[in-house]
Amino acid sequence: MSRTQSHADRAAPTASADALRRFATEVFARTGMPEADAAVVADVLVWANLRGVDTHGVARIPRYVDLIAAGDMNPRPAIAIRTETPASVLIDADRAAGPIAMTRATAEATRKARDSGIGLALVRATTHTAALGYYTLAAAREGMAAIALAASWPNMAYHGARAAGVSTSPISIAVPGGKQGPVVLDMGTGVVSMGRLNQAKKTGEAIPAGWALDKDGKPTTDSQAAQIPLPMAGPKGSGLALMIECITSLVVSNALLAESLEGTPEGRRHRQNGLVIAIHLGRENQRHALRELSHGIAEAGVLGRQGKVH
């Protein structure tokens, strides 16, 4: 038997989802997270693994631990609602782990949607949000249509550029699906995610042409040299990423791209913003939904300009 065949025949190590959740919960609890919060973060990561999206699964644990050690992820945040309207809330996440902040946002958005027909939850100053489909799926299971966005630091080239200028900002949309369960879209605005590029670096595999640029802004198929993902569908992907920054970060006066590109102290730190919209599909709740949402966005923008969260 050849060496290659022997390796192929060798069973890959496996672990049950419950074992992974217990392990991740214990790791995060040891960093200082309350056990309930640690369990939420663990569940979001393992959910991604179960979907086959390992780049957003338990492989993120070391990165999250590093962020906590560096002071960029707050294991015990004082999350607070800074403003509230009948259809919206603005949440100051205090650098909470993304799954904690986004789970709270999903709950607030669905609560508002039950009362007003539509609910908007803006999240200011969180950290890596993990797989957004987890949150929109949760809303869809409550009978809501849902949209989630996340903005981050510049790590992707704008169409035609040779340097990172926008983020691989993800978007998820989910709708209830009857007996077959909800229908969920969960995607980034890049051809490939940074997590997938890092995965290729670890395995040493070549990457397809059109995925990424090297440090000099030149196209490459060498995963070791790849540093800058390219936008999905060229100008469409990069344009969508820019607008996600506008509607999440600028609305709450917590710009990410500009500060990072300018090299300010705050811009050099890891941070993200997020947004969850829930839409109640019951007809009786739709009459004033769009009016309330418009009013909520305006109110959130006014409050966001009053102060900046660090």
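It should be emphasised that the depicted structure is a prediction, and the values quoted were computed from it without experimental measurement. (Residues numbered from 1 in each chain as written. Predicted model: local features only at pLDDT ≥ 70, side-chain atom pairs only at ≥ 80, totals over all residues. Heavy atoms only, no water.)

Let us look at the nonpolar core. If you look at the biggest cluster of nonpolar residues, it comprises 41 residues, and the most contacted ones within it are F28, M33, V41, L45, Y64, M73 and Y135. Of the residues forming this core, the biggest block, seven residues, is contributed by helix α3 (residues 35-50). What Y135 contacts, discounting residues up to four positions off in sequence, is V44, G98, P99, M102, T103, T106, T129 and A130. Counting residues in each nonpolar core, the second largest holds 13 residues, with I118, L122, V252 and I277 among its members. (Core = buried A, V, L, I, M, F, W, Y, C linked by side-chain atoms within 4.5 Å. Buried < 20%, exposed > 50% of the residue type's maximum accessible area, 1.4 Å probe, protein only. Helix = DSSP H or I, 4+ residues; strand = E, 2+ residues; numbered from the N terminus. Contact = heavy atoms within 4.5 Å.)

A few words on the environment of M156. One can find M156 in strand β5 (residues 156-157). Its relative accessible area of 0% is what places M156 among the buried residues. Separated by 72 residues in the primary sequence, M156 and I228 place their C-alpha atoms 5.4 Å from one another.

Pairing is antiparallel across the open sheet formed by three strands, whose spatial order is β10-β9-β11. Two strands bound the open sheet, and with one partner strand each, they are β10 (219-220) and β11 (228-229). Both strand β9 (residues 212-213) and β10 contribute to a ladder of two bridges, which runs antiparallel. When the sheet's bridge partners are listed, L213 is paired in β10 with P219. (Pairing = 2+ DSSP bridges.)

It is worth spelling out the pattern of salt bridges at this point. Side-chain pairing between opposite charges can occur once the charged atoms of the two side chains come close. Tallied over the full model, the rule gives 15 salt bridges. A salt bridge links D186 to R51; the nearest nitrogen and oxygen atoms lie 3.7 Å apart. Note that D186 is positioned in strand β8 (residues 183-187) and R51 in the loop between α3 and α4 (61-70), a separation of 135 residues in sequence. The partly exposed category is assigned to R51, whose relative accessible area is 39%. Between D72 and R269 there is a salt bridge, with its nearest N and O atoms 2.9 Å apart. Of the two residues, D72 is situated in the loop between α4 and β1 (80-85) and R269 in the loop between α9 (257-262) and β12 (272-280); the sequence distance between them amounts to 197 residues. On the accessibility criterion, D72 (12% relative accessible area) is buried. If you follow the salt bridges from partner to partner, you end up with E84, R104, E108, R111 and K112 in one network. (Salt bridge = Lys/Arg side-chain N within 4 Å of Asp/Glu carboxyl O.)

Here we take up the sheet that holds β1. Across the sheet, seven strands lie side by side as β1-β2-β3-β12-β4-β7-β8; this open sheet has mixed pairing. Bordering the open sheet on either side are β1 and β8, each of which pairs with just one other strand. Averaged over all adjacent pairs, the angle separating strand axes in this sheet is 10°, with direction ignored. When strand β4 (residues 144-151) meets strand β7 (residues 171-175), the two strands line up antiparallel, connected through four bridges. Note that in β7 the partner of L149 across the bridge is I171. (Axes fitted to C-alpha atoms, helices over the stretch in contact; angles between N-to-C directions.)

Purely spatial values, then, with no claim about function.
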